[in-house]
Structures are given as C-alpha cells and as structure tokens.
Amino acid sequence: MSPERKIRIMVAKPGLNGHDRGAKIIARGFRDAGFEVIYTGLHQTPEQIVAAAIEEDVDSIGLSSLAGAHDYLFPRVVELLKEKGADDIVVFGGGIIPEEDISKLRDAGIKEVFTPGTSIGDTVNWVRRNIKPRK
Amino acid sequence: MFREDHLKAIGDEERRWTEDLSKILSEVPERLPRFSTISDMEVKGLYTPKDIENLDYSRDIGFPGVYPFTRGVQASMYRGKIWTMRMFSGLGGPEETNQRFHYLLEHGETGLSIAFHYPTLMGYDSDSPMARGEIGKCGVAVDTLKDMEILLEGIPLEKVTTSMTINPPAPILLAMYIVVAEKQGVSKSQVGGTIQNDMLKEFIAQKTFMLPPQPSIRLIVDTIEYCTREVPRWNTISISGYHIREAGSTAVQELAFTLADGIAYVEAALERGLEVDYFAPRLSFFFDSHIDFFEEIAKFRAARRIWARIMKERFKAKNPRSLMLRFHTQTAGCSLSAQQPYNNVIRTAYEALAAVLGGTQSLHTNSLDEVYAIPTEEAATIALRTQQILAEETGVTNNIDPLGGSYFVETLTNRVETEALEYIQKIDDMGGMLAAIEKGYPQAEIAQAAYQYQKLIDDAKKVVVGVNKYATDHAPITTWKMDPLIERRQLKRLREVKEMRNTQRVKDHLKELRGAAEGDENLMPHIINAVREYATLQEICDVFREVFGTYTDPGMF
C-alpha cells in the first residue's frame, strides 16, 4: 500500500485587494505543517484561481480577502468549480469578514470562514480534520 | 551630558542596586525570563545616565524646530497648533463619502483624507470586469472628474487640506483635484494636501501596483517636479512606513525601509536634475503607531534625527525645511482584534497618545469596527473624539517632547536609530531600494517578521487581550453595509459621463498623453487636460499600461 499523499492546498488571493500578510502567514503555516502549498500571488480573478486549482490538482482552496469583496468573490469560486465539475475541491476562507456574512458564505458552499485572531494551529487542525487528499 | 565623576558614582550605585535586586529576585523572580518590545527588542528594567553617557544634547537632541529635530519639527509644537485630525474616509459612492466628510468636519475634524475603492486604487473603472464585487466596498468609487466634483461638493478647498491615499494613479487623482478646485475658483497655488504617491512601499508591502518599478518612479518624479513648480502647498509624496508595519514588519524595519525609500526618491529627483532644496521641503512621511508605547515614541524621534542627517550630510540640503521629517500617523489597524471589539477603542487611544508624544503632524485614529468593515458614523465619531480628548483634556499638548531626556526613551531612540542605519547600509550595499526590491529583500524580511510574530501570539508569548488571554464570547456589533443601489448608480453615472463628454477631445488628449509617455516630457499637464475632458481613470491608466507594461506579484511566501 502506498503511503497517503500529502494534502495539497492552494492559498489564493481573489480580487484587487493587496493585503497578503495573512495569506503568506497561513501558506507558511501550512507548509510547516507538512502540506503541499501553492500560493497564487495577488490580484487573481475567480476564473484564474479555479483554472490554477484544477491544473495543480489541489484538494482544497483557501481564499483570503480583507477588503469587503468576499461576498461576491468567494461564492463565485465555488460556482466556477461546480461548472468545471471540480466541486470536490473544498473551499474555505478567511480575512476581514463581518460576522453576519459568515452564514451566507457557508450557505454558498464555503466550508469554513476564519476571522482575525484565529491561530495558525487552529486552521491547520481544521484542515487535517476536514480535508483529505482526493483520489 | 553628564560629568565624568557623576557617571562614575552612578555606576557604583548601580552595581550596588543590582546586587540588592538580585537578592530580591532570588526569592521573588521577575514575571518573565525576558522582557521585550512588540518588535522583540529586549528591554532592561531600569535605565540611568550611564545608558546615554555618549549622548550630546546639542548634537543629538537639541531644540524643537532646530536640527536634528529630535524633539519635533516646529518650535512651538502643539502649543502653537494641534496636529491635524484627519480621518481616513471613503465609503460607497462619492455622495456617501461627501456626506461623511461634512459630518466629520462638523464634528471637529480639521483635514480630509480620502480612501478610494480598490478599482480606483488599481487603475480600473467601475465598469471593468476587474471591479466585479469591489465597487465602493473599501473606499469611494472615483471613475471620472464627475465623481470628484460630487465628492468635494461644498468643501472649501482653499481652506481644508486633503490627503489622498492613492498610489499608481496618484497623478490622475491629483489632476482631478486641481480641476475641481479650479472649478470652485481656487487656484493651484492655493490648494493644499498630500498624495501618497509612494510606489516603492507598494512593491514592498501594500501591493497596489500597476506599472513596473522604473516607470512608476518616473510618474512620481513627474508629480514632484510639477507640484514644486505649480502647486507649492502640495505634499508631493507621503513616504509610508504604515503599510510596511501593517504587513508585519518590526518597528526598526518600518523605519529603515521607509527612509531607504525616501533616499531612492531623493536620488530619482536629483537624477531628473532638480535641486534638492527645491523639492525636499514638500516630501512628507507616514508612520504606523503600534501598541508598544515607548518603542513607537523612540521610532518617531529617531526618524526625525536620521532623516535630518541624511538630508544634510548625504544630500547636502541647506534649507531647514528640507531637513524636517514631517509625518502623518495612523494607529495600528493590525493591533485591533475582532474579538471583544470595544477593546479597540482603548488600544487606539494608547497608540494615538504615542503618536502625539512622538510629535506627529496629523493623525488618523482607527474605529473600533475597522477589523470588520468600513467604520460606521458612530464608530468614526468615537475615534475622532479620542483625538479631541487627547488634544484638549489630557494636558499632553502643554509641553514639547515631554519624554525627551528620559534615560529609557533616549536609549531606545539611539537603538532604533542604530539598527535602522544598519538596514539602510545593507540596502545601500545592494545598490539601493529598487535593487533590494528586485531581490525580494524587504519583502522576505517582512514576511519572516510577520510569521515570527504570529507564532509568538499563537504560543501566547505575546498577549492580545480577548484573543489569547481573557477570551470570552462577545455580542456581534453592527457594521457598515453598502446599499447595492450604490453600485448601479455608479455604473449609470459612468455611462452618462461617457455619453455626454466630447469623445473627440478625449481621444485627442489621450493621444497626446501617449506621445508624451513615449517620450520624456512631464505627464502632469497632459493628464490634467485629459481629466478636464472627463477621460476616465482607466482610459488614462490603460495608456500607461500600454506604454510602460504592467507588474505582477511574484507570489513569494
């Protein structure tokens, strides 16, 4: 039996917002936790993110937004994954997100939303519990 | 500063005191094995004249308004004039933001500060596919001169100064501001304000970039050259450490990278053939005021001393105004917590106090809800009141640089200065800031510091109240929500402007702009001509993108 392959996560920055402190910290945290990490860099459209995620064959996409456009950009990524038949890629997100938006994002298929103050460890544990390498 | 025999006596006393203290500590140890600032700079329990024995009062501290300006840039500081209370505001469309400006001015704000939405910051119009989901969300939407006219309606531009946080399209927004003033009957020579216009820190930290570094610098020097000649009360650039710090740097890195950026701009302007004393008086700075009180005060004091010496010794500036580091401060957004958000009022108040004790010229205080969204009117009012209480109740404005001469603060000022100079030397050795950015050096230093700091928080080695200590549930707060009608109104107005303007004239001016961009003429007059005819922000930026190319994030982490 071959050992289970590592979890592959894409950390993505959708939209025009340039605040990448959180995305970079979480990308490092995931790498240090033993995941394979692909970071898209800034200013990606949902289309670019979904194409890259499929191309890179990732298990999950972690979206970061700090400028209020999450309510359009996050659901749009989920929608495009569905269109491409890749909705087994788990989408989660984090950033400056008002509490009342979180349930809306969950309803739109974002599996979890992390707000400021979440530790790297809590996010890593959530990934370990919720994301399995895809077949 | 101290007599030799006094210093010797103090040294002997200190040794005795240390011995006594270690006896006490052997029974009751200190709370922590090591005390350090938020930037992880180690701090001793006590400082004495011994720690500053090499300090020369006249050479290193001096008098306010006098070189090297350690104690402040004006002779009378806040006894003469309180800092400008400038609340960074921008929400939805120009109508909503104009209303917020009037509200804040009525409540005692003394200067304006415009926050633009992301499409404007990045050089896209609201009808661009790149703007989907972003219109009016994180600042005000400005596509054309029309929006700027609405935004500044009823604001007396000959009296109120305005700071605009705008970088790649800074010359365009400045052009719009000049034309709106002109329409109000206020000439270029009367308007006062600031454009951020600092692209180096964008590549390093804030990451709103459009063009590659070289043409970005050209546009900046164009604005410096133009304003120095035509808009003499305008601060041509706000060389910013704020975003560097918010991206996770230490206090020393914030200071060093900002001043190294400043050096790069001075060199670029000199290369253009401008005289240093001609443009340097209009350079301004912008720093973060983080939660570590004394470290921040030391940083502000060191900033003034280093810059004065750089300008005098390295660039041979003679005009005292060229040597003065004048700065705006914003309290640290990154120090705020989503948990127990009312605590943010307290954090902001301490940070504002540090900025004032550090001698800031203007100040934005964050609102308690900015960790969730654009501030509500109520939250912005509390933030403004925080400054007013500081200015008019606490008495801290009675006296200039009250912490000058503190053994601790002077030691910390020296240390921040020494460590910042080491960084600046390193960047000089790399060939300057542009070369350092190409190597990814400041970016990597900041990412490393941010990660280290996050681990300290996660391990509770640094306390954030309500986050990793005293954590409790809190009731959700009401945050600002954008009316979806604003987006439709913005798109409709843009369509109407495009229909009503003289298309041929717009085309002609854009063509002239392109020609000038391909050559080496100053672009400002051409940009002003184009915006006056209601050319859109993106139409102008598209000319730049086509002529100069674009910059994309290398995506390092």
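Residues numbered from 1 in each chain as written. Chains lettered and ligands numbered in written order. Predicted model: local features only at pLDDT ≥ 70, side-chain atom pairs only at ≥ 80, totals over all residues.

S.K.: Can you explain the interface of chain B and chain A? Please cite residues and give values.
M.R.: Tallying the contact residues gives 32 residues for chain B and 30 residues for chain A. Listing elements by their share of the side of chain B that touches chain A, those giving two or more residues are α5 (118–121) and α19 (441–458) of chain B. With 5 residues, α19(B) is the single largest residue contributor to the side of chain B that touches chain A. Of the residues that constitute the side of chain B that touches chain A, the class distribution is 17 nonpolar, 9 polar and 6 charged. (Contact = placed C-beta atoms within 7 Å. Helix = DSSP H or I, 4+ residues; strand = E, 2+ residues; numbered from the N terminus. Nonpolar A, V, L, I, M, F, W, Y, C, P; charged D, E, K, R; others polar.)

S.K.: Explain the environment of B:R100 to me, using residue names and the numbers behind them.
M.R.: All names here are of chain B. Within the secondary structure, R100 is located in helix α4 (residues 94–106). With 22 C-beta atoms packed within 10 Å, R100 lands in the buried category. With 69 residues separating them in the primary sequence, R100 and R31 have C-alpha atoms 47 Å apart. In contact with R100, not counting residues within four places along its chain, are S89 and L91. (Buried ≥ 20, exposed ≤ 12 C-beta atoms within 10 Å, placed from the backbone.)

S.K.: Now, about the sheet that holds strand β2 (residues 36–39) of chain A: what can you tell me, with residues and values included?
M.R.: All names here are of chain A. The strand order β2-β1-β3-β4-β5 describes an open sheet built from 5 strands, whose pairing is parallel. Each edge of the open sheet is held by one strand with a lone partner, namely β2 and β5 (113–114). Note that strand β1 (residues 8–12) and strand β3 (residues 60–65) share 4 bridges and pair parallel. For V11, the partnering residue across the bridge sits in β3 and is G62. (Pairing = 2+ DSSP bridges.)

S.K.: Let's hear about the environment of B:K462: which residues, and what values?
M.R.: All names here are of chain B. Secondary-structure assignment places K462 in the loop between α19 and α20 (484–500). The partly exposed category is assigned to K462, around which 19 C-beta atoms lie within 10 Å. A C-alpha to C-alpha distance of 9.5 Å links K462 and S36, two positions 426 residues apart in sequence. Setting aside residues no more than four positions away along its own chain, K462 makes contact with I38, L456 and I457.

S.K.: Provide a residue-level description of the sheet that holds strand β9 (residues 362–364) of chain B, including the pertinent values.
M.R.: Residue and element names in this part refer to chain B. Overall, parallel pairing links the 9 strands, which are arranged β5-β4-β3-β2-β1-β9-β8-β7-β6 in an open sheet. Taken across any chain shown, the strands that pair with only one partner, and hence form the sheet edges, are β5 (234–235) and β6 (237–240). Direction of pairing for strand β2 (residues 111–115) relative to strand β3 (residues 162–165): parallel, over a ladder of 4 bridges. Within β3, the position partnered with L112 by the bridge is T162.

This is a description of form; function is not addressed.
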